[in-house]
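Understanding the architecture of this molecule
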Amino acid sequence: MSHPFHHRALAEILLERGYVQPADVAGHDGAGTALAEALLKENRVTPEQLAEALAEQSHLPYINLDDFTVSAELFEIIPAERAYEHGVLPYRREGDVLHAAVSNPADLILVERLERLSGLRVELVVSSARAIAAALKRSEGTYQVLKGVSQDFRLVMVKEGE
């Protein structure tokens, strides 16, 4: 059994999971962004496979966002435009903790930015950049519709209360 804080190379994790063959990672240093970008560019791994491996490497949970929609409450904490700007998805809030989905869990500065923006402690979960962007797009449309309906409802309430 390996030590829980042992930093495993990305190539090692991808090989162990059967996502790549030794020839796919030959010539790469086995770690880092360069390997990830090369494997994606060469279609050796899917964005989801890479996200799963990065989650394992970082000792963070991997989240599948296929059917996920951000709630209005979460967009109040991290507005959609900020989420797009930072490539992050507000995933869940538990008390004073915001769980945020990211595609690059090594970006420690992002955690600090999100904590300042939200006023909450931030814990990361990992998903692919493609899944995060798709969930944000799906969610922002739903949020804008709900926000519009809410504003229309308030206008009706004011007129009736006059």
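Think of each chain on its own: its residues are numbered from 1, step by step along the sequence as written. Local features are withheld for residues below a pLDDT of 70 in this predicted model, meaning they are given only at 70 or higher, and side-chain atom pairs are given and counted only at 80 or more; totals for whole chains, interfaces and linings count all residues. Note that the side-chain values use all heavy atoms of the structure and ignore hydrogens as well as water.

The working definition used for a salt bridge is a side-chain nitrogen of Lys or Arg within 4 Å of a carboxyl oxygen of Asp or Glu. Summed over all chains, the structure comprises 10 salt bridges. Where glutamate 52 meets arginine 17, a salt bridge forms, and the shortest distance between an N and an O atom there is 3.3 Å. Pair noted here: glutamate 52 is in helix H4 (residues 47-58) and arginine 17 is in the loop between helix H1 (10-16) and helix H2 (22-25), with a separation of 35 residues, a long-range link. Measuring nitrogen to oxygen at the nearest pair gives 3.3 Å for the salt bridge that ties arginine 44 to aspartate 24. With arginine 44 in the loop between helix H3 (32-41) and H4 and aspartate 24 in helix H2, the pair connects residues that are 20 residues apart, well separated along the chain. Put simply, DSSP H or I for four residues or longer makes a helix, DSSP E for two residues or longer makes a strand, and each gets a number counted from the N terminus.

So, on to the packing of aromatic side chains. Aromatic rings from Phe, Tyr and Trp, with only the six-membered ring used for Trp, were paired whenever their centres fell within 6.5 Å, and each pair was classed as stacked if the ring planes differed by under 30 degrees, edge-to-face if by over 60, and tilted otherwise. If you walk through the whole model with that rule in mind, you get one aromatic pair. When the centroid spacing of 4.9 Å and the interplanar angle of 35° are considered together, the rings of phenylalanine 68 and tyrosine 91 count as tilted. Of the two residues, phenylalanine 68 sits in the loop between H4 and helix H5 (72-77) while tyrosine 91 sits in strand S1 (residues 89-94), which places them 23 residues apart along the sequence. With respect to class, phenylalanine 68 is no different from tyrosine 91; both count as buried. Exposure categories follow from relative accessible area, calculated using a 1.4 Å probe and restricted to protein chains: below 20% of the type maximum is buried, above 50% is exposed, and the middle band is partly exposed.

What follows covers the sheet that holds strand S3 (residues 121-126). When DSSP finds two or more bridges between two strands, those strands count as paired. Here three strands make up an open sheet; going across it, the order is S1-S2-S3 and the pairing mixed. Taken across any chain shown, the strands that pair with only one partner, and hence form the sheet edges, are S1 and S3. If you compare each strand with its neighbour and ignore which way they point, the axes differ by 30° on average. Two strands pair when backbone bridges link them, and S1 and strand S2 (residues 97-102) are joined in this way by five bridges, in the antiparallel orientation. From the neighbouring strand, arginine 93 faces S2, where its bridge partner is leucine 98. For this analysis, residues touch if any pair of their heavy atoms sits within 4.5 Å. With axes taken as lines fitted to C-alpha atoms, and helix axes fitted only over the stretch in contact, angles between N-to-C directions fall between 0 and 180 degrees. Against the sheet, helix H7 (residues 108-118) makes contact with S2 and S3, and its axis sits at roughly 130° relative to S3, the strand it touches most.

The next thing to look at is the confidence of the model for the protein. Every residue gets a pLDDT, meaning the predictor's confidence in that residue, from 0 to 100. Per-chain confidence: the protein averages 85 in pLDDT, with 81% of residues scoring 70 or above. S2 holds the highest mean pLDDT among the elements of the protein, 98, whereas helix H8 (residues 129-161) holds the lowest, 65. Under a pLDDT of 50 for its full length, residues 148-153 has, in the predicted model, zero contacts with residues more than four places off or in other chains.

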